[in-house]
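Structure at a glance
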There are 2 protein chains.
Amino acid sequence: MEHIDKLSGTFDSKKETKAQKSEVSPAVIRRLPRYHRYLGELLRAERYRISSGELSEIMGVTASQIRQDLNCFGGFGQQGYGYNIKYLYGKISELLGVVEGYRAVIVGAGNLGKALAQTHMFERRGVTRVALFDVNHEVIGTEINSMPVLDVRDLGDFCRENDIQLGVLTVPKDAAKEVAEVMAKSGVRGILNFANMELTLDEPDVIIENVHLGDYLMKLCYEMKRSREDREK
Amino acid sequence: MEHIDKLSGTFDSKKETKAQKSEVSPAVIRRLPRYHRYLGELLRAERYRISSGELSEIMGVTASQIRQDLNCFGGFGQQGYGYNIKYLYGKISELLGVVEGYRAVIVGAGNLGKALAQTHMFERRGVTRVALFDVNHEVIGTEINSMPVLDVRDLGDFCRENDIQLGVLTVPKDAAKEVAEVMAKSGVRGILNFANMELTLDEPDVIIENVHLGDYLMKLCYEMKRSREDREK
């Protein structure tokens, strides 16, 4: 029983002690959003059950990897019967915080800000975008995807008054820290930073996720180089 | 001697046998772009030497991790003297394929395509953007960051005639595969895919790097949830 509790409780941090917490493998955490994405697509295609073998084929990882990753949340898979997609999707959504219903603002209404205002990635992860902010008076007062673009000077007040927990930064590198500090002081608890710099804050309770798109380009160039060298051998 | 060769040759695939190749740790590959980014910033700030201790502090990883990561490329670091930033940056650039000088097109001139046409991330990684492509006649014929926006029907011919090796996809999900196939048949050897789907091609020589921005959002939500639960304990 204790063993089962430990397994199914791996991602249930309410039950966790500090010592247990560190047992959650970052590799599993990294892989979970991908499961969430694939399971979401299966659900939208009206699939309700899937075997670890088929999931393995779609996702390009081994079936044993899948069983290892998913079984640590409890016994969703039954031999010869497969996973219940909806249940698993719901469980992973819960574990990942999708059901928290965070409210977000996007700061920076340039091309990237506009692109992010228009993707489906937010609602699929339970995040509601409420408004955009910018310094440019040509865009302030306009609407993007039915959201108002507001003056960045009103950012702090807006976050407090509208219970904003999540901020997306697409501002220039030099402005990122200042904007992030305003948000952190106004109740924002998580920042998704596209400013292409390693953002740090003195507020330990604010989680920062730095996105570096250039790192993908770099990895691609590396793999292309290796592939060419292999062909030339 | 054999031992030294093996260490310094880890990323030198010309010397590698198939067996050795698999020894390159994906974790090290993943970390290299980050070193490249930090070293590039130090160079732009006109710094020329750095100790593993200082680099460790800036990058937020342990000094022993840094020594472990960087020493496998050969003995750049000297006790008490630090790393030669320019040499290390050049070496990592070479290892990562930055010096290959790839030529790229961006397919999809919407908000994300425009944002990518304007970032510095390409030139910093040795990639030259040559043109954008779209289906929309309102943008075809315009220029973005001094690059022409061309008709996607001319994509194949353009890639062949202009020696394009790298394609960036910011098209809708449903169009991604078709566009990727045109590029693959026209000499493109690497695709950076922002279409938010797992792109696969039958051409084994074409490297595909799928970017999923939503996964960052998901990870952030997860960490925010955990952090809240910790505070509530």
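Computed from a prediction, not measured in an experiment: that's the story for all the values here.

1. Here we look at the overall build of chain A
When its secondary structure is counted, chain A shows 11 helices and 9 strands. Within chain A, the fraction of its 233 residues that count as buried is 50%. Taking as baseline every contact in chain A between residues at least 6 positions apart, the subset at least 24 positions apart corresponds to 51%. Total accessible area computed for chain A in this model is approximately 11300 Å², and 49% of it derives from carbon and sulfur atoms.

2. Details of the pattern of salt bridges
Counting across every chain of the model gives 27 salt bridges over all chains. The closest approach of N and O atoms between Arg228 of chain A and Glu232 of chain A, which form a salt bridge, is 3.0 Å. Here Arg228 of chain A pairs with Glu232 of chain A, and both are found in helix 11 (residues 213-232), just 4 residues apart, close to one helical turn. For Asp230 of chain A, the salt bridge is made with Lys233 of chain A, and the minimal N-O distance between the two is 3.2 Å. It is possible to trace a salt-bridge network through shared partners that takes in Arg34 and Arg37 of chain A together with Glu198 and Asp215 of chain B.

3. Some words on the sheet that holds strand 6 (residues 147-151) of chain A
All names here are of chain A. Spatial ordering of the open sheet is given by 5-6-4-3-7-8-9, a layout of 7 strands whose pairing is mixed. Each edge of the open sheet is held by one strand with a lone partner, namely strand 5 (143-144) and strand 9 (207-210). Where strand 7 (residues 166-169) meets strand 8 (residues 190-193), 4 bridges bridge the pair, whose relative direction is parallel. Across the sheet, residue Leu169 finds its bridge partner in strand 8, namely Asn193. Of the strands in this sheet, strand 3 (103-107), strand 7 and strand 8 are in contact with helix 10 (residues 173-185), which crosses strand 7 at around 170 degrees.

4. Details of the sheet that holds strand 9 (residues 207-210) of chain B
Residue and element names in this part refer to chain B. On the basis of which strands lie adjacent, the open sheet formed by 7 strands has the order 5-6-4-3-7-8-9 and mixed pairing. Where the open sheet ends on each side, the last strands, each with one partner, are strand 5 (143-144) and strand 9. Note that strand 4 (residues 128-134) and strand 6 (residues 147-151) share 3 bridges and pair parallel. Bridge pairing in strand 6 links Phe133 to Leu150.

5. Topic: the state of the cysteines
Here the structure, examined in full by the defined rule, presents 0 disulfides over all chains. Left unpaired, Cys221 of chain A is separated from the closest cysteine sulfur, that of Cys159 of chain B, by 16 Å. On the basis of relative accessibility, which here comes to 0%, the residue Cys221 of chain A falls in the buried class.

6. Notes on the confidence of the model for chain A
Residues and elements named next belong to chain A. Summary statistics for chain A give a mean pLDDT of 84 and a share of 85% for residues scoring 70 or more. Counting contacts from residues 1-23, a segment whose pLDDT is below 50, to residues more than four positions away or on other chains yields 32 contacts. Interface confidence for the predicted complex, given as ipTM, is 0.81, next to a pTM of 0.81.

7. Brief notes about the interface of chain B and chain A
Listed per partner, the contact involves 68 residues of chain B and 68 residues of chain A. Both faces considered, chain B and chain A share a buried interface measuring about 6700 Å² in area, 59% of it formed by carbon and sulfur atoms. At the junction of chain B and chain A, the tally comes to 11 salt bridges. The salt bridge involving Asp215 of chain A is made with Arg37 of chain B; its shortest N-O contact spans 2.9 Å.

8. A few points about a negative patch on the surface
Taken together, the side chains of Glu178, Glu181, Asp202, Glu203 and Asp205 of chain B present a region of like negative charge at the surface. You can call Glu178 of chain B exposed: its relative accessible area is 61%.

9. Re the nonpolar core
Of all hydrophobic cores here, the largest spans 56 residues; its most connected members are Leu116, Leu166 and Leu192 of chain A together with Leu116, Leu166 and Leu192 of chain B. Not counting the four nearest positions on each side in its chain, Leu166 of chain A is found in contact with Tyr102, Arg103, Ala104, Val105, Val127, Val188 and Gly190 of chain A together with Leu217, Leu220, Cys221 and Met224 of chain B.

10. Regarding the pairing of strand 4 (residues 128-134) of chain A
Residue and element names in this part refer to chain A. The element strand 4 is extensively covered by neighbouring structure, given that 6 of its 7 residues are classed as buried. Summarising the sheet, strand 3 and strand 4 pair through 5 bridges and their orientation is parallel. Within strand 4, the residue paired with Ile106 across the bridge is Leu132.

What counts, and where the lines are drawn
Residues numbered from 1 in each chain as written. Chains lettered and ligands numbered in written order. Predicted model: local features only at pLDDT ≥ 70, side-chain atom pairs only at ≥ 80, totals over all residues. Heavy atoms only, no water. Helix = DSSP H or I, 4+ residues; strand = E, 2+ residues; numbered from the N terminus. Buried < 20%, exposed > 50% of the residue type's maximum accessible area, 1.4 Å probe, protein only. Contact = heavy atoms within 4.5 Å. Areas by Shrake-Rupley, 256 points an atom, 1.4 Å probe, with all protein chains shown as cover. Salt bridge = Lys/Arg side-chain N within 4 Å of Asp/Glu carboxyl O. Pairing = 2+ DSSP bridges. Axes fitted to C-alpha atoms, helices over the stretch in contact; angles between N-to-C directions. Disulfide = S-S within 2.5 Å. pLDDT = per-residue confidence, 0-100. Buried area = accessible area lost by both parts, 1.4 Å probe. Patch = residues over 30% accessible without salt bridge, like charges linked within 9 Å, V, L, I, M, F, W, Y side chains within 5 Å. Lys, Arg positive; Asp, Glu negative; His and termini not counted. Charge placed at Lys NZ, Arg CZ, Asp CG, Glu CD. Core = buried A, V, L, I, M, F, W, Y, C linked by side-chain atoms within 4.5 Å.

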